[in-house]
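Working through the structure, step by step
Here are the chains, one letter per residue:
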Amino acid sequence: MRGGFGGMGPAGVGRVWTPGGDGPQAGLKDVPVRRILVLFNPYRLLLLAVLALVLAGTGLDLAPPLIMRTIIDRALPHGDRSLLLKEIALMVALPTLSGLLGVLRNHLNVKAGQAIMRDLRQGLFRNLQRQSMAFFTHARAGEIIQRLTNDVFAIQDVVTQTVVSAVTQTVTVVATVAVIFALDWRLAILSLIFLPLFVLPVRAVARLRRNLRRETQRAQGEMAVHLGEVFGVSGAMLTKIFGREALQESRFTALNRKVMDLEVRGNLIGRWFMMMAGLLAPLGSALIYWYGGFGVLQGRMTIGDVVAFAAYLGRLYGPVSGLLNLGVTFGTALGVFQRIFEYQDLVPDVEEAPDAVAMPAAQGHIAVKGVAFSYRPDIYALKDVGFQVRPGEMVALVGPSGAGKTTLIGLLTRLYDPVAGSIEIDGYDLRHVTQASLRANVAVVTQDPFLFHASVWENLLFARPEASQEEVEQACRKAHIHDQIAALPDGYATLAGERGYRFSGGERQRLAIARAILRDPRILILDEATSHLDTQSEAYVQAALEHLMKGRTTIVIAHRLSTVLAADRIIVLDGGRLVEEGTHLELLDRDGLYAHLYRTQFARVTAARE
Ligand code: ADP
């Protein structure tokens, strides 16, 4: 298959796509946070309910240390059994209630979060489908899928968890601090002064781990790419042919070792981190029992105060370090959001005009008027090309490789717009008709037709979903492919495509012709396959094509002698310009480029086959 309609978009049209950087580290200022909030907007009621549940849950969770205090300071010293039992009942009831609210909160939160994720994916999908072919040929393989799946997945935690846990943590911290100040403000100040000392290292470690994680992921990615190259069919063959197994293995060894080293380092940091975190709680308690213990001895505090205090302080570590880490988490997520928004903002370089009209069923008159096109500034792939095709006429496009034939076809089907001149069908400028009506009138059969991983049946219906079984089979008969399909074990239900039944090149072309017959357009654009088919296959394809072209306006990039001979007119392109135009005999008479091509290309190919 040739390069196809690749390109960065026509020159003169603003660059519409910039590949995203791979370091998702953006500052708040780079990303419109408002835009992120807008995503949450449709679900604000749900989210308000979540917030209410967060507040209720946090309130309930504040109670246990106070209950302990009551038990120690009042129930036990006074031998108050009923108070003891009451407090114990509360000790069970409140966390149970809090747990139940938590389940509900989580449910609502996940529901809102996932709805937001769905909206994001849907919006991205819709905008990507609007893009012109230039975008798809320019995007790196896998990048689009990566953004729609991995990137959207990467912000899932932020959308569904982080926002809510940030709120929860803030509420917890504020409420806990208020309570400990109420208990004993001096002890509160003392413990709060030391708190940062405990949580700051946690933050540093978290950042280290995150960086290491990213490096590890990159190394794993490199390894995956390497494996894909080495064990892909073409790569494996290249390696074998050149006997380079040892080289490939030594490359792999290096990558493999890197992954191991990074994983080990990441784990070590993790251990240190756990150890330090494990030390914090006892140290904090010691501080409180030291100060509080003396307070009790001096009669300034009660035992219950000290116990409750220690319990509260223990609850602060988690939320405070969580809040400190929030910056890093959000920073990463913002980078990903930015990449997603970039895709959302892509403007297709071929767009439906706001006042586009539906083109009626065409007569099939094509006028190409002074058309120019360039993929890159100042290098014209087509320049000043003009010709007309009458309804029902069959025109062959010929020219050396790189002459601009594929580009011209791309313009005729409006995969691109010309940078100068215009193309009209029945007097309608392609830029001013709806794309749907254009596609209904023009069908394309490419060199190497694509089959989806679906049944043959579904692959055919793609051209016209409402076609009846009778119509589909009829089209296949006309395309000389019905018998082959019927002979398959599952007939039309046979799975085709990547992991399904492998149709040969000639069969795929005939399936594509059947699709075009089903579509029944007035105008047909053909890119004849350059690949050599065996004579039998060739004859079938030829017969199918003849059927298809009957009564339609046809423009075909011709590679076969039979096609140029059958054409009403031949248009010769060279270096992006129309250089000759006429019938086979006229052009042979002229003894120009066509005559040369005829002698070197068409006649020879035919001779080779006979
Ligand atoms: P043909 O089909 O006649 O072989 P093409 O239409 O494919 O010729 O190419 C015409 C010219 O445009 C060639 O010079 C080619 O290099 C250039 N071209 C084609 N596709 C692209 C692309 N995606 N980006 C940049 N230049 C391109």
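Everything numeric here is computed off the predicted structure, so don't read it as measured data.

A count of helices and strands for the protein chain gives 21 helices and ten strands. For a compact globule of 610 residues, the expected C-alpha radius of gyration is about 25 Å, and the protein chain comes in at 36 Å, more than 25% above that figure. Each principal axis of the C-alpha atoms in the protein chain carries an extent, and together these give about 120 × 60 × 55 Å. With 610 residues in all, the protein chain has 45% of them scored as buried. Of all intrachain contacts in the protein chain linking residues separated by at least 6 positions in sequence, the fraction that spans at least 24 positions is 77%. Accessible surface, the protein chain: about 31500 Å² in total, of which carbon and sulfur atoms supply 60%. Taken as two groups, the 63 positive and 56 negative side-chain charges of the protein chain have centres that lie 9 Å from each other.

Spatially, E6-E7-E8-E3-E9-E10 is the arrangement adopted by the six strands of the open sheet, whose pairing is mixed. Where the open sheet ends on each side, the last strands, each with one partner, are strand E6 (442-445) and strand E10 (577-582). Going from strand to strand, the sheet's axes swing by 20 degrees on average, the running direction of each strand aside. Set on the sheet, helix H17 (residues 505-519) makes contact with E6 and strand E7 (523-527); between it and E6 the angle comes to about 175 degrees.

Our focus in this paragraph is the nonpolar core. Of all hydrophobic cores here, the largest spans 46 residues; its most connected members are Val398, Leu460, Ile513, Val564 and Ile570. Looking at this core, the element that brings in the most residues is H17, giving seven residues. Not counting the four nearest positions on each side in its chain, Val564 is found in contact with Ala396, Val398, Ala558, Ile570, His584, Tyr594 and Phe602. In this structure, Val368, Val389, Leu408 and Ile555 belong to the second largest nonpolar core, which totals 34 residues.

Attention now goes to the environment of Pro65. Here Pro65 shows up in helix H3 (residues 63-75). We classify Pro65 as buried; its relative accessible area is 2%. Taking the C-alpha atoms as reference points, Pro65 and Met223, separated by 158 residues in sequence, lie 52 Å from one another. Not counting residues within four places of it along the chain, the set of residues in contact with Pro65 comprises Ala308, Ala311, Tyr312 and Arg315.

What follows is about a nonpolar patch on the surface. Where nonpolar side chains cluster on the molecular surface, the patch consists of Met260, Val264, Leu268, Trp272, Met275, Met276, Leu279 and Leu283 and spans about 790 Å² of accessible area. Residue classification places Leu279 among the partly exposed residues on the basis of a relative accessible area of 45%.

Per the domain assignment, the segments making up the protein chain are domain 1 (1-16 + 351-433 + 559-610) and domain 2 (33-344). Here the C-alpha centroids of domain 1 and domain 2 sit 58 Å apart.

This paragraph deals with the packing of aromatic side chains. Following the criterion strictly, the structure yields ten aromatic pairs and no others. Arranged with centres 5.0 Å apart and planes meeting at 90 degrees, the rings of Phe373 and Tyr375 form a pair that is edge-to-face. Each of the two residues, Phe373 as well as Tyr375, counts as buried. Taking 5.8 Å as the distance between ring centres and 90 degrees as the angle between the ring planes, the aromatic pair formed by Tyr375 and Tyr416 counts as edge-to-face. Of this pair, Tyr375 sits in the loop between strand E1 (366-373) and strand E2 (382-389) while Tyr416 sits in the loop between helix H12 (405-412) and strand E4 (420-425), placing them 41 residues apart in sequence. Between the NZ or CZ atom of Arg35 and the centre of the ring of Phe341, over which it lies, the distance is 4.1 Å. Sitting over the ring of Trp185, Arg186 keeps its end group 5.4 Å from the ring centre.

Definitions and cut-offs
Positions within a chain are numbered from 1, following the residues in the order the chain's sequence is written. Reporting of local features is limited, given that this is a predicted model, to residues whose pLDDT is at least 70; pairs of side-chain atoms are given and counted only at 80 or more, and all residues count toward the totals for whole chains, interfaces and linings. To obtain the side-chain values, all non-hydrogen atoms of the structure were used and water was disregarded. The numbering of helices and of strands both runs from the N terminus, where a helix is a DSSP run of H or I of at least 4 residues and a strand a run of E of at least 2. The globule rule used here is 2.2 Å times the number of residues to the 0.38 power, and the radius of gyration it is set against is calculated over C-alpha atoms. Categorising residues by exposure relies on relative accessible area from a 1.4 Å probe, with only protein chains included: less than 20% of the type maximum marks a residue as buried, more than 50% marks it as exposed, and the intermediate range marks it as partly exposed. Any two residues whose heavy atoms approach within 4.5 Å are treated as being in contact. Using the Shrake-Rupley algorithm and a 1.4 Å probe, accessible areas are obtained, with residue cover drawn only from the displayed protein chains. His is not counted, nor are the chain ends; Lys and Arg add positive charge and Asp and Glu add negative charge. By convention, the point assigned to a charge is CZ for Arg, NZ for Lys, CD for Glu and CG for Asp. Pairing between two strands is assigned when DSSP locates at least 2 bridges connecting them. Axis lines are fitted to C-alpha atoms, over the contacting stretch for helices. Their N-to-C directions set the angle, which ranges from 0 to 180 degrees. We call a set of buried residues a nonpolar core when its members are Ala, Val, Leu, Ile, Met, Phe, Trp, Tyr or Cys and they connect through side-chain atoms within 4.5 Å of each other. Residues form patches when they are more than 30% accessible in relative terms and have no salt bridge. Like charges link within 9 Å. Nonpolar side chains (Val, Leu, Ile, Met, Phe, Trp, Tyr) link within 5 Å. By definition, a salt bridge exists where a carboxyl oxygen of Asp or Glu is found within 4 Å of a side-chain nitrogen of Lys or Arg. Segment limits for the domains were obtained from an automatic or database-derived domain assignment. Within 6.5 Å between ring centres, the rings of Phe, Tyr and Trp (the latter by its six-membered ring) count as paired, and their orientation is classed by plane angle as stacked under 30 degrees, edge-to-face over 60, tilted in between. Ring-over charges, as used throughout, are those where CZ of Arg or NZ of Lys falls within 6 Å of the ring centre and within 35 degrees of the ring normal.

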